[in-house]
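# Observations on chain architecture
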Amino acid sequence: MAKILSGSASCGDYAPEDYPDHTYLSSYRFVPQQDHTMQRRIMENHKKHIGQSPAEADLNLLETARRCELYGMKMHPGKDHESVPLNLAVAHMGIAVFQGITRINTFSWAKIRKISFKRKKFLIKLHPENYMYHKDTVEFFFEGRNECKNFWKKCVENHGFFRCSAVQNVQRRKARVLSRGSSFRIF
């Protein structure tokens, strides 16, 4: 729906003389395997938004995107310790774990003590809770080291954007030439 509104914002106000049929939408890709039936449905939706300014169309787009649960989330394929295929994604609230597109767990930034990776293994260390009898470290496995490192970087960037209120200027020790892992502590 958000992409459809985006197309409306790009095309401008619907005018029957400018858009006699659905073919004006063929240069836009709203969904995978987009066909003529889908383009007709999008055109009917475009007609419903006659009279909106570009600013109003953009505001409607943002409002619709805000209500879409998966909007802006990029799935990163991984596996758990039992080799069950999962998708991991980073969101404003923390790290989300999906089985397919169904969310099965969320690790909120407030509960995460540290995130790190070593080779293909991505680690989430959680703050201990009172009477916590299960592990305080959760492991996920990626296809390769680069995929794992890229997901770790996304987590660090998102955490920095959504959780940190101030940036501290910390003196760094001399960098090691060969590093086989990395970690980031969340304060």
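- Under an unreviewed UniProt entry, the name given to the protein is Cdep, and the source organism is Culex quinquefasciatus.

### Focus on unusual backbone geometry
- Phi is positive for Ser 83, which is not a glycine, with a value near 65 degrees.
- Structurally, Ser 83 can be placed in the loop between strand S1 (76–79) and strand S2 (85–91).
- A positive phi angle, near 55 degrees, is found at Arg 119, a position not held by glycine.
- Considering the arrangement of structural elements, one finds Arg 119 in the loop between strand S5 (112–118) and strand S6 (121–126).

### Section: the pairing of S6
- Pairing geometry for S5 and S6, over six bridges, is antiparallel. Following the sheet pairing, Phe 117 is matched in S6 by Phe 122.
- Hairpin connection from S5 to S6: two residues lie between these consecutive antiparallel strands, with Arg 119 at a positive phi of about 55 degrees.
- As paired elements, S6 and strand S7 (residues 137–141) share five bridges and run antiparallel to each other. Following the sheet pairing, Lys 125 is matched in S7 by Thr 137.

### Structural notes on the pattern of salt bridges
- Enumeration according to the criterion identifies five salt bridges in this entry.
- The salt bridge partner of Arg 67 is Glu 63, with a shortest N-O separation of 3.6 Å. Separated by four residues within a single helix, Arg 67 and Glu 63 lie in helix H3 (residues 54–67), roughly one turn from each other.
- Residue Arg 67 is classed as exposed on the basis of its relative accessible area of 58%.
- Across the salt bridge formed by Arg 113 and Asp 136, the nearest N and O atoms sit 3.5 Å from each other. One end of the pair, Arg 113, is in strand S5; the other, Asp 136, is in the loop between S6 and S7, and 23 residues separate them in sequence.
- Since its relative accessible area comes to 32%, Arg 113 is described here as partly exposed.

### A short note on helix H2 (residues 36–47)
- Between its first and last C-alpha atoms H2 spans 17 Å; for 12 residues at 1.5 Å apiece the expected length is 16 Å, and the two agree.
- Inspection of H2 places Met 38, Gln 39, Ile 42, Met 43, Asn 45 and His 46 among the buried residues, and these make up the whole buried set. With its buried residues spanning 160 degrees around the axis, H2 presents them on a single face. Residues His 36 and Arg 41 are exposed on H2 and point more than 90 degrees away from its buried face.

### Quick word on the state of the cysteines
- Applying the stated criterion across every chain yields a total of zero disulfides.
- Free of any disulfide, Cys 148 has its nearest neighbouring cysteine sulfur in Cys 155, separated by 9.4 Å.

### Focus: the packing of aromatic side chains
- Summed over all chains, the structure comprises five aromatic pairs.
- Between Phe 107 and Phe 140, the ring centres sit 6.3 Å apart and the planes meet at 70 degrees, which makes this aromatic pair edge-to-face. With a gap of 33 residues between them, Phe 107 in strand S4 (residues 102–108) and Phe 140 in strand S7 connect regions that are remote in the sequence.
- Exposure remark for Phe 107: the relative accessible area of 9% places this residue in the buried category.
- Between the aromatic rings of Phe 122 and Phe 151, the centroid separation amounts to 5.0 Å while the plane-to-plane angle is 75 degrees, which identifies the pairing as edge-to-face. Of this pair, Phe 122 sits in strand S6 while Phe 151 sits in helix H4 (residues 145–162); the two residues are 29 residues apart in sequence, bridging distant segments of the chain.

Conventions adopted
- Residues numbered from 1 in each chain as written.
- Predicted model: local features only at pLDDT ≥ 70, side-chain atom pairs only at ≥ 80, totals over all residues.
- Heavy atoms only, no water.
- Helix = DSSP H or I, 4+ residues; strand = E, 2+ residues; numbered from the N terminus.
- Pairing = 2+ DSSP bridges.
- Salt bridge = Lys/Arg side-chain N within 4 Å of Asp/Glu carboxyl O.
- Buried < 20%, exposed > 50% of the residue type's maximum accessible area, 1.4 Å probe, protein only.
- Expected span 1.5 Å × (residues − 1).
- Arc of directions from axis to C-beta.
- Disulfide = S-S within 2.5 Å.
- Phe/Tyr/Trp six-rings, centres within 6.5 Å; stacked < 30°, edge-to-face > 60°.

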